[in-house]
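# Chain and residue survey
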Amino acid sequence: MSVSREKGSSIFSGFRALGLYSSHLPHVVRFHKKHREFYVVTAVGQCFHTYNVKKLGIVSVSNALSEDISCLAADRMLVYAAYGKVISAFAKNREVVHTYKGHQADVHLLLPFGDHLISVDKESVVIIWDVESEDTYLQISFDKASFEVSAVMHPSTYLNKILFGSSQGSLQLWNVKSNKLLFTFPGWACAVTVLQQTPAVDVVGIGLASGQIIIHNIKFNETLMKFQQDWGPITALSFRTDGHPVMAAGSPVGHIGLWDLEEKKLMGQMRDAHTTAIAGLTFLHSEPLLISNGADNAIRVWIFDTPGGEGRLLRFRMGHSAPPTKVQHYDLSGQHILSAGQDGTLQSFSTVHERFNKSLGRGSLNKAKSKKKSVLYDTAKLPPITTFASESARQSDWDGIVACHQGFLVTTTWNYQKGSMGAHKLEPERFNKNRALNVHATAVDISSCGNFAVVALSSGHIDAYNIQSGFHRGQFGKDSAHSGPVRGVAVDGLNELVVSAGADRLLKIWKFKSKELLHTDSLPSSPASTLLHRDSGMLAIALDDFTISILDMETRRTVRRFCGQRGQVNDMTFSPDGRWLIVASMDCTIRTWDLPSGSLVNCFLVDSAAVSISFSPTGNFLASSHVDCLGIYLWSNNTLCSLVSLCPLPADYEPSVVMLPGTCPSKDDEEVDTDVESLEMAEYVSPAQLDEQLITLSLLPESRWKNLLNLDIIKKRNKPKEPPKVPKAAPFFIPTIPGLVPQFGQVETPSEEQSKVVNLGMLAQKSSFYLQLEGALETNLYEGAVQFLKELGPSAIDTELRSLAPDMGGDIRVMQSFLKMIGTMLHLKKDFDLAQAYLALFLKLHLQLIAEQPILMEEAERILEQLEETWISMQSLLNQSMCLLSYIKSALL
């Protein structure tokens, strides 16, 4: 095994991450003078994303850092990101151009300041860096017990002045050029959380941990106004600059308060702008647009164009605010991925462009009632979705998604085209809507026609519903289908069979229409989940002993059993052709099993265990979601664009860790393996003959030999009706020699003493093929003659074979040599098709002469024996192959 094979995965390579937009860090807004456009920068894990505000389209993704970003800032040229004790400066939103090292604690505040950068760590040490030289310009150390720096800002028009806020409540104004403390503001006995410059010079907005907002004039140390928010500490402040004296304030509960600075009162509130704390707020300069982001993985742009002063949502980018639990490709295009998260929402992510993303919302028992109430206090909301099934066949007619909810009996339908919860809630009548019973839906599947849904319950019941009407269409089994919870259910592609697996270790196959039991099979262990590949009829069953069984639905027998997982199997997915089964388990591995060979062909580790995986119907991407990760990660299929070795992995194979897409460093690793062997399989070069006992055909096109017997008819049909006309002034061309391979001839220069007497010896000149046959009578080597014929066209071959006869200037011995050449070709079993064609043409031209010459008859009889022996051998091989194929197709393995 090559060294490179052990590095990662040979089949899958990280492509990109979907659904990651924001973290708990405040965003940064930049203005591009040349483009005349605003851009918003948000931190996502170890990298940051840049979006244009006009459409919220992603512009760039930075190269990843070694740790998660802890603070973000930007100026006109660079974006600064702090991670741990190090700060990196990015140019062009992507490349690291400067690195600043010197802090002894983690950095949590950054402030670009002209040609300098101010950074503050958690030990309240302030370092001022020279941006270009990366040198320390000044270092200020505060006593953390008396002044712990919690906020920093530069007051407008205050040259070389920086204002620091502390957790103790006091503020200090410093001149960083002279390193002097100019003034200390006593504060308001509460920690300062936010410092923000107002549109007025000398006036600063101060947010406190008590929820109080102070508008303070730092020139005269005078408080102009105070506001109080009851939602907890102030997390962000921003001021409108388009002529309206409005201030927006963020809160930890996701509400935004809008304050009128003229009338000094609350003018409006935007409740539930985010489901988590507001991380950042920014009013665009001279525009009625407010940008907000939060830890709920969302960026929202609000526009203030309605009377009353409250903003309405203009555009947004939103992912899951809690890790996804189930991902699945929606339709056959492979461009849409449905994802259900622990936040209770069902969302669709596009692999093409983010503008095609849509949120189907969250489940509710009463949608009208939920719209009136707050999201946080909605008593009718449904718990998170645990599993769902989708079918796009009738998506334009009625709902095409059916979902099971955590610990809930009712299954809900969803409509993808409308982007909302569907019209029906599927619930069996046998429980009389008794919510006290500990019964919940465990598995669901939709028929391929999109008309029926099959729902399995923890009580062992399996029910069928009509999706269009929501009516109950029967149950499987008289009392219940299984004696314990049903762990998996699936409908085949023709709506004929339903297969179910239960905790009672039984696998049952039912008739879909009559609901009667057809087959029961016992399992070696309790099943955890099932997955049916409808096209091939293969059913994968994940068992609690970490093994996987493959059942053939046609023969109803277990055809494969895969072992090796060292943890619970979380999810499985088949490749579109049904050859691979990809398995994600709690041991942090993603394994690829090859069903025809029954072997493990690929395995790699990830940092966080995959909880759900889905293979694209087009076969180009594998989508995965992971523990404690908000995104959906795409892995590209390398076998579509290159040759990949799929040799079985040894039993002692140790997989290596592969970083999740979007978190991998883009720069090449310095420790690149220089071994010639790579993940790609070396191109196979076929030998001239696989085996001496096998017949080998030539690689020549059929037009070179198939029509040799019908050449006279073809020439007669293609005979020109009129002689060709010579052009009046033909251009100069270098003369060429007739043949299939173009060759330039020698230009004949006219000689002054050229004789006009015809040389009869020139007419009787022997061809190269004729001379090679003559020489082969002594050497018995015919490779050159065969190769010469292979380069000729049909007409030239016909001419050469005609010239072998004595009446055309040939000889009987040369004709015998030609027959020996055919015999050699049959003996070597090479160019078998050419030997048959050349021999057929030779017999057609010279059959009467061969019958008259005993030497030629004797040679022809030898060839006849060789032909019969070769045909008997070939027919025997064909019969053996046909017999083996018939057995494989009909035998019950």
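Further up the page is the structure itself.
The following refers to the structure shown. (Residues numbered from 1 in each chain as written. Predicted model: local features only at pLDDT ≥ 70, side-chain atom pairs only at ≥ 80, totals over all residues. Heavy atoms only, no water.)

## Observations regarding the pairing of strand β3 (residues 37–44)
If a strand is regular, its side chains alternate between the two faces of the sheet. In terms of burial, β3 is a largely internal element, eight of the eight residues being buried. Burial along β3 is two-sided: Glu37, Tyr39, Val41 and Ala43 facing one way and Phe38, Val40, Thr42 and Val44 facing the other are all buried. When strand β2 (residues 28–32) meets β3, the two strands line up antiparallel, connected through five bridges. Counted as the bridge partner of valine 29 is valine 40 from β3. Counting the residues that bridge the hairpin from β2 to β3 gives four residues, and of these arginine 36 lies at a positive phi of roughly 55°. Examined bridge by bridge, β3 and strand β4 (residues 47–52) share six bridges and lie antiparallel to one another. Residue pairing across strands places valine 44 opposite cysteine 47, the latter belonging to β4. (Buried < 20%, exposed > 50% of the residue type's maximum accessible area, 1.4 Å probe, protein only. Helix = DSSP H or I, 4+ residues; strand = E, 2+ residues; numbered from the N terminus. Pairing = 2+ DSSP bridges.)

## Considerations on the sheet that holds strand β14 (residues 149–153)
An order of β14-β15-β16-β17 is seen for the four strands of this open sheet, with the pairing classed as antiparallel. Taken across any chain shown, the strands that pair with only one partner, and hence form the sheet edges, are β14 and β17 (180–185). Mean inter-strand twist for the sheet, computed between neighbouring axes without regard to direction, equals 25°. Pairing geometry for strand β16 (residues 171–175) and β17, over five bridges, is antiparallel. Within β17, the position partnered with glutamine 172 by the bridge is threonine 184. (Axes fitted to C-alpha atoms, helices over the stretch in contact; angles between N-to-C directions.)

## Topic: the sheet that holds strand β37 (residues 420–426)
One open sheet holds the four strands; their spatial order is β34-β35-β36-β37, and the pairing between them is antiparallel. What marks the edges here is a single partner per strand, and that holds for β34 (385–390) and β37. Adjacent strand axes in the sheet meet at a mean angle of 30° when their direction is disregarded. Where strand β36 (residues 411–415) lies against β37, four bridges are found, and the strand directions are antiparallel. By the bridge assignment for β37, tryptophan 414 is matched with methionine 421.

Fair warning: the whole summary comes from geometry, so function is off the table for now.
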